[in-house]
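Coordinate inspection notes
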Amino acid sequence: MTRTTSLVAGLAPFALAVSSSLVFAAQHPAAAASPTPAAPSTSQSQPFELAESPTTAEGSFDHSAGQVEVEAAAVTTTEDSATVTVNGKDFTVTRDDVAQTVTRDGHGNVLQQEDLVALEALARDLNHEHVEPSATTRAGRDHVDLLVRYVALLASAPVGQEIGARVIDEPRMVLVTDAAVRSDESAAEAVAAEECAQRAADAADGVDRADRADAAAAPCQRADEDGILYMSCSRSRRSLYYDAQDRCWSRDYVVSGPGSAGSLGECGPGSAGIDTYTYDCGEHDRCGRVHGGSFNPWDRNCGDEFFEAEDDFLYAPINRC
């Protein structure tokens, strides 16, 4: 079935067209490894307050899992930036509305479980304070909006993921929300799973045992970038596609959307996202729940699904499904 699409009018910063390209910059020296701590509590040690002015915002978030410091600024009338520092690791992002790009850089830092716990708690606070329960394109002032989105994105990263640099172009925004349209379109690709498995076996043939799993997984990683394809604003069963070890190209027909368990499909960690539901975010959620996350963009689990969902986090209007 041919998917029906159209561009969203009236959202100049989101005038969208698919093309996300990886642009890996020189990595900064990686932070020194530290012993893995005991699983942190999710309790917060003190309330978080974001100090705002018309052009800046900053704050420090203290949590039992560590400290997160944030700052954001309106660099010009068309460019905004934000920095998130979690347990001493810097992550930066810039949004240029003229070039219609978002550039983010983790400087080679690696997010561990305690970092993600602190980031998710902060994302929940930001969601409560800045994501309005009504349809809007952005969460307040543009630089604050960028900060809200970036914290939610980082909090959703796979444990152990090294975050480098990437330029994310404006994606296509798809108005069609009928799951059956996408299901019919993707079903034909699912037929290729057996061929994918054979390619994986061939790739692993002759490879050292230690590297065999990753070598076999690489041919199974299939691009499934949907631009920004919304779920309808209801809880229902939907087809979510992802690839992982021993699964290659898989479809799970599961309940997702607003009101589903764990807010499956929301762009953000758990139920602390931006109240926007899309298929790329749903597939990242589902893959992570089944396979427990991932460690690099081409591993045998869910790394590619995380990167395919980035444009949904950074460009989709707040509170949209």
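Not measured: the values here are computed from a predicted model.

**Digging into the side chain of Asp-145**
Locating Asp-145 in the fold gives a position in helix H2 (residues 142-155). Here Asp-145 falls in the buried class, since its relative accessible area comes to 0%. Polar contacts involving the side chain of Asp-145 include one to the side chain of Arg-95, which spans 2.8 Å. What Asp-145 contacts, discounting residues up to four positions off in sequence, is Arg-95, Thr-137, Arg-138, Ala-139, Gly-140 and Ile-318.

**Here we look at unusual backbone geometry**
For Gln-100, which is not glycine, the phi torsion reads 60 degrees and is therefore positive. With respect to the element layout, Gln-100 can be found in the loop between strand S6 (89-96) and strand S7 (101-110). At Ser-263, a position not held by glycine, the phi torsion is positive, near 55 degrees. Along the polypeptide, Ser-263 turns up in the loop between strand S12 (250-256) and helix H6 (279-291).

**So, the packing of aromatic side chains**
Throughout the structure, instances matching the rule amount to 2 aromatic pairs. Pairing Phe-48 with Phe-61 gives two aromatic rings, centres 5.7 Å apart and planes at 80 degrees, and the pair type is edge-to-face. Here Phe-61 lies in strand S3 (residues 56-63) and Phe-48 lies in the loop between strand S1 (20-21) and strand S2 (51-52), a separation of 13 residues in the sequence. Pair check on accessibility: Phe-48 and Phe-61 agree, each one buried. Between Phe-306 and Phe-307 the ring centres are 5.3 Å apart and the planes differ by 70 degrees, which places this aromatic pair in the edge-to-face class. The class of Phe-306 is buried, set by a relative accessible area of 3%. Just above the ring of Tyr-230 sits the side chain of Arg-320; from NZ or CZ to the centre is 4.1 Å.

**What to know about a negative patch on the surface**
Judged by side-chain charge, Glu-58, Glu-69, Glu-71 and Asp-90 come together as a negatively charged surface patch. Structurally, the position occupied by Glu-58 is in strand S3. Owing to a relative accessible area of 48%, Glu-58 belongs among the partly exposed residues under this scheme.

**Here's the deal with the nonpolar core**
Val-68, Val-84, Leu-111 and Leu-119 are the most contacted members of the largest nonpolar core, which has 52 residues in total. Sorting elements by how many residues they give to this core places H2 first, with 10 residues. Not counting chain neighbours up to four residues away, the residues in contact with Leu-111 comprise Val-86, Phe-91, Leu-116, Leu-119, Leu-154, Ala-157, Pro-158, Val-159, Gly-160, Gln-161 and Ile-163. Leu-240, Val-254, Leu-264 and Tyr-277 belong to the second largest nonpolar core, which has 8 residues in total.

**Things to note about the pattern of salt bridges**
Evaluated as defined, the whole model comprises 8 salt bridges. Its salt-bridge partner being Glu-310, residue Arg-166 comes within 2.2 Å of it at the nearest N-O pair. With Arg-166 in strand S8 (residues 162-169) and Glu-310 in helix H8 (residues 310-315), this pair connects stretches of sequence that are 144 residues apart. The same class applies to Arg-166 and to Glu-310, which are both buried. Through salt bridges that share partners, Arg-95, Asp-145 and Arg-149 make up one connected network.

**Considering the side chain of Asp-115**
As for its position among the elements, Asp-115 is in helix H1 (residues 113-130). For Asp-115, a relative accessible area of 1% corresponds to the buried category. Once residues within four sequence positions are removed from consideration, Asp-115 is found in contact with Val-86, Asn-87, Lys-89 and Val-110.

**Describing H2**
Compared with the 20 Å implied by 1.5 Å per residue over 14 residues, the 20 Å span of H2 between its first and last C-alpha is a close match. The buried count for H2 comes to 13 of 14 residues, which makes it a mostly enclosed element.

**So, the packing of H1 against H2**
Two elements in contact, H1 and H2, have axes separated by 8 Å at closest approach and are oriented at 145 degrees. The crossing of H1 and H2 is left-handed. Across from Leu-116, Leu-119, Glu-120, Leu-122, Ala-123, Leu-126 and His-130 in H1, the residues of H2 making contact are Val-144, Val-148, Val-151, Ala-152, Leu-154 and Ala-155. Tallied by class, the residues present in the contact of H1 with H2 amount to 11 nonpolar, 1 polar and 1 charged.

**Quick word on the pairing of strand S11 (residues 236-242)**
Most of S11 is tucked away: 5 of the 7 residues are buried. Across 7 bridges, the pairing between S11 and S12 is antiparallel. Bridging from a neighbouring strand, Tyr-241 pairs with Arg-251 of S12.

**Brief notes about the confidence of the model for the chain**
In the predicted model, the chain carries a mean pLDDT of 74, and the fraction of residues at 70 or more is 62%. Every residue in residues 1-45 is under pLDDT 50, and counting partners more than four places away or in other chains gives 95 contacts.

**What to know about the environment of Cys-321**
Position of Cys-321 among the secondary structure elements: in the segment after H8. Cys-321 sits 87 residues away from Ser-234 along the chain, and the two C-alpha atoms are 8.3 Å apart.

Criteria and thresholds
Residues numbered from 1 in each chain as written. Predicted model: local features only at pLDDT ≥ 70, side-chain atom pairs only at ≥ 80, totals over all residues. Heavy atoms only, no water. Helix = DSSP H or I, 4+ residues; strand = E, 2+ residues; numbered from the N terminus. Buried < 20%, exposed > 50% of the residue type's maximum accessible area, 1.4 Å probe, protein only. Polar contact = N/O pair within 3.5 Å; in protein donor to acceptor, adjacent residues only side chain to side chain. Contact = heavy atoms within 4.5 Å. Phe/Tyr/Trp six-rings, centres within 6.5 Å; stacked < 30°, edge-to-face > 60°. Lys NZ or Arg CZ within 6 Å of the ring centre and 35° of its normal. Patch = residues over 30% accessible without salt bridge, like charges linked within 9 Å, V, L, I, M, F, W, Y side chains within 5 Å. Areas by Shrake-Rupley, 256 points an atom, 1.4 Å probe, with all protein chains shown as cover. Salt bridge = Lys/Arg side-chain N within 4 Å of Asp/Glu carboxyl O. Lys, Arg positive; Asp, Glu negative; His and termini not counted. Charge placed at Lys NZ, Arg CZ, Asp CG, Glu CD. Core = buried A, V, L, I, M, F, W, Y, C linked by side-chain atoms within 4.5 Å. Expected span 1.5 Å × (residues − 1). Axes fitted to C-alpha atoms, helices over the stretch in contact; angles between N-to-C directions. Left-handed = near helix turned anticlockwise from the far one by under 90°. Nonpolar A, V, L, I, M, F, W, Y, C, P; charged D, E, K, R; others polar. Pairing = 2+ DSSP bridges. pLDDT = per-residue confidence, 0-100.

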